[in-house]
Amino acid sequence: MNEQALIQDAQKGDLDAFNTLILHYQDSVFNTALRILGDDDLAADVTQDAFISAFKSIGSFRGGSFKAWLMRTVTNACYDELRRQKRRPTTPLEPDTEEGEEMDSPRWLADPGMTPDQKAEADELEHAIQHCLNNLPLEFKTVVVMADLQGMDYTEVAVAARVPLGTIKSRLARARLRLRECLQGFSELLPSVFRLEEESTA
Amino acid sequence: MKQRDLELLSSYLDGQLSSSDAARLEARLRTDPEMRSVLQDLRSTRSLLRQLPMRKAPRNFTLTPQMVGKNPPLPRSYPVFRFAATLASILLFFTLGLNMLGRQMASPMPAYGMGGGGAPDTFTLESAPATEPPAAAAQAPAATEAPALQAPSAAMAPQPTATALVANSDRSMQTAVAKEPGTVNPAGSGQAEQPPQVLAQPQPQPAETKVVSPVWQWLLAGIALICLFIMALMRQLSVNRWRSKS
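What counts, and at which threshold
- Residues numbered from 1 in each chain as written.
- Chains lettered and ligands numbered in written order.
- Predicted model: local features only at pLDDT ≥ 70, side-chain atom pairs only at ≥ 80, totals over all residues.
- Heavy atoms only, no water.
- Helix = DSSP H or I, 4+ residues; strand = E, 2+ residues; numbered from the N terminus.
- Buried < 20%, exposed > 50% of the residue type's maximum accessible area, 1.4 Å probe, protein only.
- Contact = heavy atoms within 4.5 Å.
- Areas by Shrake-Rupley, 256 points an atom, 1.4 Å probe, with all protein chains shown as cover.
- Axes fitted to C-alpha atoms, helices over the stretch in contact; angles between N-to-C directions.
- Parallel < 35°, antiparallel > 145°, perpendicular 65-115°, else oblique.
- Left-handed = near helix turned anticlockwise from the far one by under 90°.
- Nonpolar A, V, L, I, M, F, W, Y, C, P; charged D, E, K, R; others polar.
- Buried area = accessible area lost by both parts, 1.4 Å probe.
- Salt bridge = Lys/Arg side-chain N within 4 Å of Asp/Glu carboxyl O.
- Polar contact = N/O pair within 3.5 Å; in protein donor to acceptor, adjacent residues only side chain to side chain.
- Patch = residues over 30% accessible without salt bridge, like charges linked within 9 Å, V, L, I, M, F, W, Y side chains within 5 Å.
- Lys, Arg positive; Asp, Glu negative; His and termini not counted.
- Charge placed at Lys NZ, Arg CZ, Asp CG, Glu CD.
- Disulfide = S-S within 2.5 Å.
- Phe/Tyr/Trp six-rings, centres within 6.5 Å; stacked < 30°, edge-to-face > 60°.
- Expected span 1.5 Å × (residues − 1).
- Arc of directions from axis to C-beta.

**Describing the overall build of chain A**
Inference 1: Counting its regular elements, chain A contains 9 helices and 0 strands.
Inference 2: Listing every helix and strand of chain A by position from the N terminus yields α-α-α-α-α-α-α-α-α.
Inference 3: Taken across its 202 residues, chain A has 46% of its residues classed as buried.
Inference 4: Contacts spanning at least 24 positions in sequence make up 61% of the contacts within chain A whose residues lie at least 6 apart.
Inference 5: Carbon and sulfur atoms form 48% of the exposed surface of chain A, whose accessible area is close to 10,500 Å².

**A few points about the overall build of chain B**
Inference 1: On a plain count of helices and strands, chain B comes out with 10 helices and 0 strands.
Inference 2: Walking chain B from its N terminus toward its C terminus, one meets helices and strands in the order α-α-α-α-α-α-α-α-α-α.
Inference 3: Sequence separation of 24 or more characterises 73% of the internal contacts of chain B that already satisfy a separation of 6 or more.

**Some points on the packing of helix H3 (residues 40-56) of chain A against helix H4 (residues 66-87) of chain A**
Residues and elements named next belong to chain A.
Inference 1: Running from amino to carboxyl end, H3 crosses H4 at an angle of 125°, the nearest separation of the two axes being 9 Å. The orientation of H3 relative to H4 falls into the category oblique. In this structure, H3 meets H4 at a crossing whose hand is right-handed. Residues Leu-42, Val-46, Ala-50, Phe-51, Ser-53 and Ala-54 of H3 form the contact with H4, whose participating residues are Trp-69, Leu-70, Thr-73, Val-74, Ala-77, Cys-78, Glu-81 and Gln-85.
Inference 2: The residue makeup of the contact of H3 with H4, split by class, is 10 nonpolar, 3 polar and 1 charged.

**A few points about the packing of helix H2 (residues 15-37) of chain A against H3 of chain A**
Residues and elements named next belong to chain A.
Inference 1: Here H2 crosses H3 at 140°, and the two axes come no closer than 8 Å. With respect to H3, the axis of H2 lies oblique. As H2 packs across H3, the resulting crossing turns out to be right-handed. Contacts between H2 and H3 involve Leu-15, Phe-18, Ile-22, Tyr-25, Gln-26, Val-29, Phe-30, Ala-33, Leu-34 and Leu-37 from the former and Asp-40, Leu-42, Ala-43, Ala-44, Val-46, Thr-47, Phe-51, Ala-54 and Phe-55 from the latter.

**Some words on the interface of chain A and chain B**
Inference 1: Residue-level contacts link 49 residues of chain A with 37 residues of chain B.
Inference 2: Here chain A meets chain B over a buried area of about 4,300 Å², counting both sides, of which 62% is carbon and sulfur.
Inference 3: On the surface where chain A and chain B come into contact, there are 4 salt bridges.
Inference 4: Residues Asp-14 of chain B and Arg-176 of chain A are paired through a salt bridge, measuring 2.9 Å at the closest nitrogen-oxygen approach.
Inference 5: Across the contact surface, chain A and chain B share 14 residue pairs in polar contact (both at pLDDT 80 or more).

**Section: a negative patch on the surface**
Inference 1: Negative charge collects at one region of the surface, where Asp-39, Asp-41, Asp-45 and Asp-49 of chain A lie side by side.
Inference 2: Looking at the element boundaries, Asp-49 of chain A is found in helix H3.

**Focus on the state of the cysteines**
All names here are of chain A.
Inference 1: Under the criterion given, the structure shown has 1 disulfide over all chains.
Inference 2: Put simply, Cys-132 and Cys-182 are joined by a disulfide, and their sulfur atoms are 2.1 Å apart. Handedness of the Cys-132-Cys-182 disulfide follows from its S-S torsion of about -80°: it is left-handed. Of this pair, Cys-132 sits in helix H5 (residues 116-134) while Cys-182 sits in helix H8 (residues 165-183), placing them 50 residues apart in sequence.

**Quick word on the packing of aromatic side chains**
Inference 1: Under the defined criterion, the tally for this structure stands at 7 aromatic pairs over all chains.
Inference 2: With a centroid separation of 6.3 Å and an interplanar angle of 25°, the aromatic rings of Phe-30 of chain A and Phe-61 of chain B are classed as stacked. Of the two residues, Phe-30 of chain A is situated in helix H2 and Phe-61 of chain B in the loop between helix H3 (33-51) and helix H4 (78-105); the pairing between them involves two chains.
Inference 3: Note on Phe-30 of chain A: relative accessible area 1%, which makes it buried.
Inference 4: Between the aromatic rings of Phe-61 of chain A and Trp-69 of chain A, the centroid separation amounts to 5.6 Å while the plane-to-plane angle is 65°, which identifies the pairing as edge-to-face.
Inference 5: A relative accessible area of 6% means that Trp-69 of chain A is categorised as buried.
Inference 6: Joined through ring pairs, the aromatic side chains of Tyr-25, Phe-61, Phe-66 and Trp-69 of chain A make up one cluster.

**Here we look at a nonpolar patch on the surface**
All names here are of chain B.
Inference 1: Residues Phe-83, Leu-87 and Leu-91 make up a contiguous nonpolar surface patch of about 290 Å² in total accessible area.
Inference 2: In this structure, Leu-91 sits in helix H4.
Inference 3: By relative accessible area, Leu-91 is classed as partly exposed at 36%.

**As for H3 of chain B**
Residues and elements named next belong to chain B.
Inference 1: For H3, spanning 19 residues, the distance from its first C-alpha to its last is 27 Å, which sits close to the expected 27 Å at 1.5 Å a residue.
Inference 2: Among the residues of H3, those classed as buried are Met-35, Val-38, Leu-39, Leu-42, Ser-44, Thr-45, Arg-46, Leu-48 and Leu-49.
Inference 3: Between the side-chain oxygen of the N-cap and the backbone nitrogen of Glu-34 there are 3.1 Å, and the N-cap of H3 in question is Asp-32.

**A few points about helix H2 (residues 19-31) of chain B**
Within an α-helix, residues lying three or four positions from one another point in the same direction, as the helix has 3.6 residues per turn.
All names here are of chain B.
Inference 1: Spanning 13 residues, H2 covers 19 Å between terminal C-alpha atoms, matching the ideal 18 Å at 1.5 Å per step.
Inference 2: For H2, the full list of buried residues reads Ala-22, Leu-25 and Leu-29. Buried residues in H2, looked at end-on, bunch into an arc of 65°, giving them a common side. Exposed and oriented more than 90 degrees from the buried face of H2 are Arg-24, Arg-30 and Thr-31.
Inference 3: Summarising the contacts, the buried residues of H2 are in contact with helix H1 (3-13) and H3.

Printed below as a string of C-alpha cells:
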C-alpha cells in the first residue's frame, strides 16, 4: 500500500483512496477509542465520527506520521464525547449481565489462533487493564494508550496529543506507575500472566 | 522517588535518553536498589500492556459519499436550466415592476386647467381640438360660445352635447367623452365641448395601462416553472442513480 499516494488522492477528494487508508488503520483507531472511552459502542461511534472528520480535514495534513495525525483526530473525538457525556449523562440501552460484564465477548485480532484458555486470559487481562485505565486522568490515559498500547514513539505521541515531548515523558512515567499499583490488585486474578512476567525478568 | 528520577527511568526504558544520560543512569542503578525496583515495575507494566492483544474493529468504518456530504453529480445541462429559471424569474419581476410603475404614473390627474390627457385612443378624432388650450379654442368659429362655456360655472351648458357631457361626467368621469364619440359637435370641431371636456374629461383607467403585455409575463412565469420542474427532476434522478451505485 503506497500510503503517500493514497493520502494525496484522498486530499484531492478521492473517497475510495481514503477508505483504503481506513481499512488499514481502523483497528488501531478503534482500539485507541475503546481504551480511552472504555465502551465498545461509544468507541465505534467515535471511530466513525473520527474518520468522517479526518476525511473532511485531510487537506490539513502536511506530511509526517499519518498514524499520529489520525490518532490526534480520534483523541479529539474522544474528548468531545467525554465532554458531551459530562453535559448529558446517558444510561446504556442494553443491560449488562449479572456480573456486570458486557453482553458480547470481544473478538481479538489474534482470534483464529487463540485457544479458549488464551481467550479467557485475554479477556481477564483486558478487563483488568481497562479497569485501571479508567482510573487514570484523561491526559495520562491518552498518552499510555498511544505509547504502550499502540506502540507509537514519543514524537508521534507528542504530535497526536499536541503537547511537548517533556510533558509526554512525564505523563507516561506517572501513568505507568499508577497502572502498576492498580494492576497489582489483579495479580491474584492474573497469576499466570504475572508469573510469566516475573520469570522473564528474573 | 523524585518525579525527575521516575521520568528518567521511564525514558531509559523506552530508549529515549541520550547516551551520556543513559550511562549516568546506569551507574546510579548499579548502586541504588530502589531505582532498580522502580525500573523493574515500569518494565513489567509496559510489558503487560503490550501483551494486551488488539481488538478487531466490530465493523468496517469505510465512508459513503452521503456520510461526508458529497453531492451527486448532476447532468451537464443542469446549469442551463438553472440559468433559464433565474433569468425568467428576474424578467418576470422586472415586468411586474414596470407595469406597476406605469400604473402609478398614469394615475388620475386633476381635470381643472388641464386641456388634454385621458385615454389617448378615445380622442383620436377629437384630440386635436381637445388638447388645445381654452384660449386657442376660443379662436374657432364656435368660439363665441366657448367663453361662455368656459365660464367658471360648470353648470352652464348651452350645447346639448355639453349638457350630455356634463351629465355623463356626473356619472362617470372616466367614460364620459370616450364612449360618446357622437357627442362631438359636428359644427364646431369639438371646441364647444371644451369646457365640459375639461370637466368631464375621461379619467385614465389605470387598469388598462400596461407597459408589458400580460402574455409575456405568463410566458416568463411558465418558463421559470418548467425549468424549476426539470431541475428538480434531474436532481432526483441523479440522487437515485447515485444511491443505487453506492
